[in-house]
Amino acid sequence: MAPPGAAERSAASLSGASTVDEQKRAAAIAAAELVQDGMRVGLGTGSTVAFLLPALAGRGLTDIRCVATSPATERDARELGLPLSTLSQLGGLDIAIDGADQVDPHGWLVKGGGGAHTREKIVASAASTFVVIASAEKAVASLRAPVPLELVPFEAAHTLATLAPAQLRDVPPSPDGGLIADYLGEVGDPATLAELLDRTPGVVEHGLFAPELVSLVLIAGADGLQRRVPG
Ligand code: DER
């Protein structure tokens, strides 16, 4: 996850970003501007967050502490000089910022395309404010499969069979030893599917994030930056 650079561009100058990467950068820069000195900051994972990290480092803040959601984010944050800590050391977070694979009109998210959704949900849940940053194509009318899963390795084939259609993803285990898989069936009502996944033994975590968790969604598109406040 190479830092994309060019973070010094202001969010205002990026209204009307036309490529997906420009949109990711615009949303990331707008989110970085929400961070103030004294804040404890959760850092998500993925290609949109790859634009956030240099934008945040470029703010020149001298008193922030960050918690990373993946080894890749941890490495990139360290290289950029962002001070890293842990949730247990900080006791909580003022803000967490992360990307998403899908955002529906109610603020439901699908996350975990990068397989980091378990750590991402822990960090988002620990934050007073959770900000989602996304390019325009992430906004969907209704959520659809795949919905990422992290599974306990023990009898994972059985767990997948109870959730069929679902399959293991051909990626390494999570840093915490969980197997990354995807639920491939109908999503329908996300709350109903989230409840099913929550009560399925062997599912460590799933990639459905409820609107209650989401404070603000920043979606950058060709027409500028859209701010959505779920609920
Ligand atoms: O894998 C994840 O959960 C990521 O945060 C994902 O939701 C967004 O990744 P992207 O910014 O690379 O699209």
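Keep in mind that this is a model prediction, so the values were computed, not measured. Chains are numbered independently. Their residues run from 1 in the order of the written sequence. Under the rules for a predicted model, residues below a pLDDT of 70 receive no local features and side-chain atom pairs below 80 are neither given nor counted, while totals for whole chains, interfaces and linings still include all residues. Derived side-chain values reflect all non-hydrogen atoms in the structure, with water molecules and hydrogen atoms excluded from consideration.

**Topic: the overall build of the protein chain**
Right, on to step 1. Check the secondary structure of the protein chain and you find 7 helices and 13 strands.
Right, on to step 2. Reported as C-alpha extents along the three principal axes, the dimensions of the protein chain are approximately 50 × 40 × 30 Å.
Right, on to step 3. Pairs at least 24 apart in sequence give 71% of the contacts found in the protein chain among residues at least 6 apart.
Right, on to step 4. Surface accessibility follows the Shrake-Rupley procedure with a 1.4 Å probe radius. Residue values consider only the protein chains on display as shielding. For the protein chain, the accessible surface area stands at approximately 10000 Å², while carbon and sulfur atoms represent 52% of it.
Right, on to step 5. Counting 17 positive and 27 negative side-chain charges, the protein chain places the averaged centre of each group 4 Å from the other. Only DSSP runs of H or I reaching four residues or more are called helices, and only runs of E reaching two or more are called strands; each is numbered from the N terminus. Residues count as neighbours in contact if any of their non-hydrogen atoms are within 4.5 Å of one another. Counting rule applied: Lys, Arg positive; Asp, Glu negative; His and chain ends not counted. For charged residues, the charge sits on one atom: NZ in Lys, CZ in Arg, CG in Asp, CD in Glu.

**Description of the pattern of salt bridges**
Opposite charge on two side chains permits pairing when their charged atoms draw close.
Right, on to step 1. We define a salt bridge as a contact between a side-chain nitrogen of Lys or Arg and a carboxyl oxygen of Asp or Glu at a distance within 4 Å. Going through the model one piece at a time under the given rule, you end up with 8 salt bridges.
Right, on to step 2. The partner of Arg40 in a salt bridge is Asp94, with the nearest N and O atoms 3.1 Å apart. In this pair, Arg40 sits in strand S1 (residues 40-43) while Asp94 sits in strand S3 (residues 93-98), placing the two residues 54 residues apart along the sequence.
Right, on to step 3. The salt bridge involving Glu74 is made with Arg78; its shortest N-O contact spans 3.4 Å. On the criterion of helical spacing, the pair formed by Glu74 and Arg78 is a turn pair, its members being 4 residues apart in helix H3 (residues 71-79).
Right, on to step 4. Judged by its relative accessible area of 51%, Arg78 falls in the exposed class.
Right, on to step 5. When salt bridges with common partners are traced through the structure, they connect Asp98, Lys111 and Glu120 into a single cluster. Burial here depends on accessible area, computed with a 1.4 Å probe over protein chains only, as a share of the maximum for the residue type. Under 20% is buried, over 50% is exposed, and the range in between is partly exposed.

**Quick word on the site of the ligand**
Right, on to step 1. In this text, near means that some heavy atom of the residue lies within 4 Å of the molecule or strand in question. Residues in contact with the ligand amount to 14 residues; listed here are only the nearest, Ser47, Thr48, Gly114, Glu120 and Lys138.
Right, on to step 2. What qualifies as a polar contact is a pair of N or O atoms within 3.5 Å, subject to a donor-acceptor requirement within protein and to the restriction that residues adjacent in sequence count only when both atoms come from side chains. Between the ligand and Gly113 there is a distance of 3.1 Å, counted from an oxygen atom to a backbone nitrogen or oxygen.
Right, on to step 3. In this structure, Glu120 approaches the ligand through a side-chain N or O atom, which is 2.5 Å from an oxygen atom.
Right, on to step 4. For the ligand, whose unbound accessible area comes to 350 Å², protein coverage reaches 91%.
Right, on to step 5. Among the residues making up the shell around the ligand, the classes are represented as 1 nonpolar, 8 polar and 5 charged. Each residue gets one label: Ala, Val, Leu, Ile, Met, Phe, Trp, Tyr, Cys and Pro are nonpolar, Asp, Glu, Lys and Arg are charged, and the others, such as Gly, are polar.

**Description of the domain arrangement of the protein chain**
Right, on to step 1. Splitting the protein chain by domain gives domain 1 (6-139 + 209-221) and domain 2 (147-207).
Right, on to step 2. What fixes the domain bounds is an automatic or database domain assignment. With centres defined by C-alpha atoms, the gap from domain 1 to domain 2 works out at 24 Å.
Right, on to step 3. At the interface, 15 residues of domain 1 touch 14 residues of domain 2.
Right, on to step 4. Interface area, domain 1 with domain 2, both sides summed: about 1100 Å², of which 58% is carbon and sulfur.
Right, on to step 5. Summed over the three residues of domain 1 that lose the most area to domain 2, namely Trp108, His117 and Thr118, the buried surface amounts to 41% of that side.
Right, on to step 6. At the boundary of domain 1 with domain 2, the tally comes to 2 salt bridges.
Right, on to step 7. Connecting domain 1 to domain 2 are 8 residue pairs in polar contact (both at pLDDT 80 or more).
Right, on to step 8. Within the residue set of the side of domain 1 that touches domain 2, elements represented by two or more residues are strand S5 (109-110) and helix H5 (117-125).
Right, on to step 9. Here the side of domain 1 that touches domain 2 takes 4 residues from H5, the largest share from any one element.
Right, on to step 10. For the side of domain 1 that touches domain 2, the class distribution of residues is 5 nonpolar, 6 polar and 4 charged. Accessible area, probed at 1.4 Å, shrinks when two parts are joined; the buried area is that loss added up over both.

**Section: helix H7 (residues 190-198)**
Right, on to step 1. Buried within H7 we find Pro190, Leu193, Ala194 and Leu197. Taken down its axis, H7 places every buried residue within 100° of arc, on the same side.
Right, on to step 2. The inward-facing, buried residues of H7 contact strand S7 (147-151), strand S9 (179-183), strand S10 (203-206) and strand S11 (208-209). The reported arc concerns the directions from the helix axis to the C-beta atoms and nothing else.

**Some words on the pairing of strand S13 (residues 224-228)**
Strand residues, when the strand is regular, have side chains that alternate between the two faces of the sheet.
Right, on to step 1. Here a strand pair is declared whenever DSSP counts at least two bridges between the two strands. The sheet contact formed by strand S12 (residues 216-221) and S13 spans 5 bridges and is antiparallel. Looking across to S13, one finds that Val217 is bridged to Arg228.
Right, on to step 2. Adjacent in sequence and paired antiparallel, S12 and S13 are bridged by 2 residues.

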